[in-house]
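# Secondary and tertiary structure notes
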Amino acid sequence: MEMTEVTGVSLKRGSHAVEDNDSVAPAEEAKRQKVLDHCLTAGQDGLEHVSPPGGMHVPGPPAAVSTGEGGKNSDVQLEEEEEEEEDGLSEEGEEGEETESFADMMKHGLTELDVGITKFVSSHQGFSGILKERYSDFVVHEIGKDGKISHLDDLSVSVDEEDPSEDVFTVLTAEEKQRLEELQLFKNKETSVAIEVIEDTKEKRTVIHQAIKSLFPGLETKTEDREGKKYIVAYHAAGKKALANPRKHSWPKSRGSYCHFVLYKENKDTMDAINVLSKYLRVKPNIFSYMGTKDKRAITVQEIAVLKITAQRLAHLNKCLMNFKLGNFSYQKNPLKLGELQGNHFTVVLRNITGTDEQVQQAMNSLKEIGFINYYGMQRFGTTAVPTYQVGRAILQNSWTEVMDLILKPRSGAEKGYLVKCREEWAKTKDPAAALRKLPVKRCVEGQLLRGLSKYGMKNIVSAFGIIPRNNRLMYIHSYQSYVWNNMVSKRIEEYGLKPVPGDLVLKGATATYIDEDDVNNYSIHDVVMPLPGFDVIYPKHKISEAYREMLTADNLDIDNMRHKIRDYSLSGAYRKIIIRPQNVSWEVVAYDDPKIPLFNTDVDNLEGKPPPVFASEGKYRALKMDFSLPPSTYATMAIREVLKMDTSIKNQTQLNTTWLR
């Protein structure tokens with residue numbers, strides 16, 4: 001087993017960095033989802049086409065991170081306030097205003113060396129390939145707590161006599177739906193909406209009652225006679241809380257309260273997908289639960305649970321939404337919990353590879369037999385000239401003015417045009433209200449902090465920062481922990497190689513213990529863990545312990561006192577395996593001529609009966625198709641880095657003549 005340094009192998013062409021396993025992406029911009037015309041009701045906004053733009057995807061700060069740690073689900077976003085702006089305000093003009101190329105902007109970004117990613121475990125020669133030339137080249141299937149891989153393979157809804165008829169989806173006109181939605185969301189001064197029953201029968205009235213109650217949670221209905229005509233009158237039953245609490249009396253007692261389903265999505269992260277579903281169902285996002293979040297630029301398949309929404313209503317969304325599919329419905333007693341998953345299974349295509357068959361064989365055998373260094377991937381640290389770990393370090397140092405400046409100051413790198421203007425205004429005036437006015441979308445971290453500063457004043461930055469949702473705030477300090485861990489693991493491997501040594505740490509249950517001289521042969525490198533710094537961990541009993549202390553001391557932090565004045569920012573620490581060996585590893589090299597053709601079938605392709613692609617024995621290009629499973633909180637990026645022996649940072653890829661496709 002050999003260990004090598006970073007080599008100079010270059011990526012000739014590439015695309016967006018591969019996403020990690022279960023990343024938690026802050027919902028920074030509200031977006032619009034393009035849907036089929038018959039599903040849109042007038043006045044229903046805030047939805048965007050989920051297909052990628054014809055040009056590049058420009059990541060925004062702070063970057064998506066993969067914590068694999070507990071936390072809230074859909075209330076990662078800023079709690080809604082009555083005066084808050086609507087989601088999805090237009091972002092007009094910013095793309096046209098860019099004067100630098102994306103590659104020029106990314107000159108200021110991070111490389112792997114900047115965040116401590118320096119070692120490889122294998123000795124094979126690296127080769128180049130295209131990471132995610134198409135988002136459909138990267139497919140993630142969640143592995144549930146029972147160890148089964150989630151697949152979307154059944155769109156049917158079992159017949160349930162308790163469910164209303166399909167007519168509920170068509171009985172109301174677009175105008176009636178708009179009026180009811182405005183009533184439901186308190187967007188007008190009306191206290192009720194009356195709908196005339198044109199063809200008055202008991203059956204027709206029943207369907208209208210069912211339609212209003214099922215499509216607009218929080219509204220009740222009654223029948224009234226007015227001047228000889230029948231009207232169904234909708235009104236609020238329980239005030240504004242009714243939106244978040246689906247009506248209890250309409251749910252059969254014999255049925256589990258949660259509808260579990262498999263969500264297939266393309267080019268949309270989990271939080272955005274939940275927001276889209278909640279808008280179409282007209283419910284709050286926090287009635288959804290899931291085991292892990294999946295990234296945007298991929299096809300992902302995962303289990304979702306939702307409180308007291310029928311499979312029938314969910315299945316109807318398949319007619320409305322593009323690049324989403326819902327299926328495999330079942331009713332259960334309990335929701336899903338973040339972190340319950342066993343991991344994710346990846347199917348990845350690396351196109352236009354240059355490696356010989358022998359090189360590919362060596363690389364994949366090494367991945368299968370040895371694995372890869374369990375570094376935190378580049379997504380953990382941000383995409384601009386201000387890495388997220390710097391903000392985390394300032395929080396831990398209690399340097400709140402620096403925290404504010406790091407988040408709000410102008411920076412080089414790829415950003416939305418309106419964020420650039422907001423930062424310029426802040427640098428010029430230090431007026432939070434003036435800077436906030438430059439933001440059409442105020443739910444990004446910058447907008448939340450500026451609103452906090454407007455509310456609490458410049459002398460109370462701690463409270464202003466506290467307006468940002470807890471998970472987003474903790475993202476910064478977790479990024480700093482990850483930065484330290486990456487650097488320490490590189491030092492550990494440099495000092496001792498890929499074998500356990502006395503003083504290393506291993507886990508027995510959840511408890512870390514030291515490897516003694518006598519039992520060092522009872523362990524392998526795959527057993528060794530390293531601590532993320534905190535007040536409740538122990539450090540190795542060899543040179544690396546002092547390296548931890550030196551690094552934190554240089555950052556003006558006391559390794560012996562990682563408790564913070566503010567409890568949220570006290571780091572208990574954790575342990576993480578230094579080498580991960582993927583499971584269920586398989587691969588094949590295929591030849592192809594057309595860069596745009598898919599090289600494997602997705603779940604939706606299989607549902608539609610599409611035959612699998614047939615490959616020629618020879619072609620213009622060669623691709624490596626690889627399958628592997630990873631545990632939670634590990635980065636597929638780092639597995640692919642080990643295969644290709646290349647820097648996975650966006651900066652490196654763009655500077656090496658990256659071609660952004662789709």
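Further up the page is the structure itself.
The structure contained in this document is the topic of the report that follows. Everything numeric here is computed off the predicted structure, so don't read it as measured data. Each chain has its residues counted from 1, running along the sequence as written. Totals for whole chains, interfaces and linings use all residues, but because this is a predicted model, local features are given only for residues with pLDDT of at least 70 and pairs of side-chain atoms are given and counted only at 80 or more. As a convention, hydrogens and water are excluded, and side-chain values are obtained from all of the structure's heavy atoms.

## Observations regarding the pattern of salt bridges
Basic side-chain nitrogens of Lys or Arg form a salt bridge, by our definition, when they fall within 4 Å of a carboxyl oxygen of Asp or Glu. All chains considered together, the criterion is met by 17 salt bridges. For Lys119, the salt bridge identified is with Glu494, shortest N-O distance 3.8 Å. Taken together, the residues span a long stretch of sequence, with Lys119 in strand 2 (residues 119–120) and Glu494 in helix 14 (residues 470–496) at a distance of 375 residues. Of the residues examined, Lys119 reaches a relative accessible area of 1% and is grouped as buried. The partner of Asp357 in a salt bridge is Arg622, with the nearest N and O atoms 2.9 Å apart. Of this pair, Asp357 sits in helix 7 (residues 357–369) while Arg622 sits in strand 20 (residues 621–630), and the two are 265 residues apart along the sequence. Accessibility here uses a 1.4 Å probe with only protein chains present; expressed as a share of the type maximum, an area under 20% marks a residue as buried, one over 50% as exposed, and anything in between as partly exposed. For Asp357, a relative accessible area of 52% puts it in the exposed group. Secondary structure follows DSSP: runs of H or I at least 4 residues long count as helices, runs of E at least 2 residues long count as strands, and numbering of each begins at the N terminus.

## Quick look at the packing of aromatic side chains
Geometrically, a pair of aromatic rings is defined through the distance of the ring centres and the angle of the planes. Note on aromatic pairs: the rings of Phe, Tyr and Trp (six-membered ring only in Trp) are paired at centre separations within 6.5 Å, and the planes decide the class, stacked below 30 degrees, edge-to-face beyond 60, tilted for the rest. Enumeration according to the criterion identifies 14 aromatic pairs in this entry. Judged by centre distance (3.8 Å) and plane angle (5 degrees), the rings of Tyr389 and Tyr483 are stacked. Remark: Tyr483 occurs in helix 14 and Tyr389 occurs in helix 8 (residues 388–396); sequence separation between them is 94 residues. Owing to a relative accessible area of 13%, Tyr483 belongs among the buried residues under this scheme. Aromatic pair Tyr592 and Tyr621: ring centres 5.3 Å apart, planes at 35 degrees, arrangement tilted. Placement of the pair is Tyr592 in strand 19 (residues 583–592) and Tyr621 in strand 20, with a sequence separation of 29 residues.

## A few points about the sheet that holds strand 5 (residues 192–196)
One bridge is not enough; two strands pair if DSSP finds at least two bridges between them. Judged by pairing direction, the sheet is antiparallel, and its three strands sit side by side in the order 5-7-6 without closing on themselves. Only two strands of the sheet have a single partner each, and these edge strands are strand 5 and strand 6 (219–226). The sheet shows a mean angle of 25 degrees between the axes of neighbouring strands, taken without regard to direction. Pairing analysis gives eight bridges linking strand 6 to strand 7 (residues 229–236), with the strands arranged antiparallel. What sits directly across from Glu224, in strand 7, is Tyr231. This element, helix 3 (residues 174–184), spans strand 5, strand 6 and strand 7 of the sheet and lies at about 160 degrees to strand 5. What counts as an axis is a line fitted to C-alpha atoms, over the stretch in contact for a helix, and the angles between N-to-C directions run from 0 to 180 degrees. Should any heavy atoms of two residues lie within 4.5 Å, those residues are considered in contact.

## With respect to helix 7
To estimate how far a helix should extend, the number of its residues minus one is multiplied by 1.5 Å. The end-to-end C-alpha separation of helix 7 is 18 Å, in line with the 18 Å expected for 13 residues at 1.5 Å each. Listed in full, the buried residues belonging to helix 7 are Gln359, Val360, Ala363, Met364, Ser366 and Leu367. End-on view of helix 7: buried residues confined to an arc of 155 degrees, all on one side of the axis. Facing away from the buried side of helix 7 by more than 90 degrees, the exposed set consists of Asp357, Glu358 and Glu369. Elements in contact with the buried residues of helix 7: strand 13 (372–373), strand 19, strand 20 and helix 17 (636–644). Where helix 7 ends, the next residue or the one after it, Gly371, has phi of about 105 degrees, a positive value. Each C-beta atom gives one direction from the helix axis, and the arc is the one those directions make.

## Some remarks on helix 15 (residues 543–554)
In this model helix 15 runs 17 Å from its N-terminal to its C-terminal C-alpha over 12 residues, within 8% of the 16 Å that 1.5 Å per residue would give. The set of residues buried in helix 15 consists of Ile544, Ala547, Tyr548, Met551 and Leu552. The arc that holds every buried residue of helix 15, seen down its axis, measures 125 degrees, which confines them to one face. Of the residues in helix 15, the exposed ones pointing more than 90 degrees away from the buried face are Lys543, Glu550 and Ala554. Residues of helix 15 that are buried in the fold lie against helix 14 and strand 16 (528–532). One or two positions beyond helix 15, positive phi appears at Asn556, with a value near 60 degrees.

## Some details on the nonpolar core
Core analysis: the biggest nonpolar cluster contains 102 residues, and Phe465 and Met626 have the highest contact counts within it. Ranked by residues supplied to this core, first place goes to helix 14 with 12 residues. By convention a nonpolar core is built from buried Ala, Val, Leu, Ile, Met, Phe, Trp, Tyr and Cys residues, the set being connected through side-chain atoms within 4.5 Å.

## Examining the sheet that holds strand 15 (residues 511–514)
The four strands are arranged 15-14-16-17 in an open sheet whose pairing can be described as antiparallel. Unpaired on one side and paired on the other, strand 15 and strand 17 (574–577) mark the two borders of the sheet. On average, each strand axis in the sheet is inclined to that of its neighbour by 55 degrees, with strand direction left out of account. Here two bridges tie strand 14 (residues 505–508) to strand 16, and the two strands are oriented antiparallel to one another. Within the sheet, the bridge partner assigned to Val506 lies in strand 16 and is Val528. The strands that helix 14 touches are strand 16 and strand 17; relative to strand 16, the one it contacts most, it runs at about 140 degrees.

## Brief notes about the packing of helix 9 (residues 400–408) against helix 12 (residues 445–456)
One can describe the packing of helix 9 onto helix 12 by two numbers: an axis separation of 10 Å at closest approach and a directional angle of 135 degrees. Considering their axes alone, helix 9 and helix 12 lie oblique with respect to each other. Crossing handedness for the pair helix 9 and helix 12: left-handed. Across from Met404, Ile407 and Leu408 in helix 9, the residues of helix 12 making contact are Val445, Glu446, Leu449, Leu450 and Leu453. Ten residue types, Ala, Val, Leu, Ile, Met, Phe, Trp, Tyr, Cys and Pro, are classed as nonpolar, four, Asp, Glu, Lys and Arg, as charged, and the remainder, Gly among them, as polar. Among the residues forming the contact of helix 9 with helix 12, the class breakdown is seven nonpolar, no polar and one charged. Small angles under 35 degrees read as roughly parallel and large ones over 145 as roughly antiparallel, with 65 to 115 read as roughly perpendicular and the rest as oblique. Less than a right angle of anticlockwise turn of the near helix away from the far helix marks a crossing as left-handed, whereas a clockwise turn marks it as right-handed.

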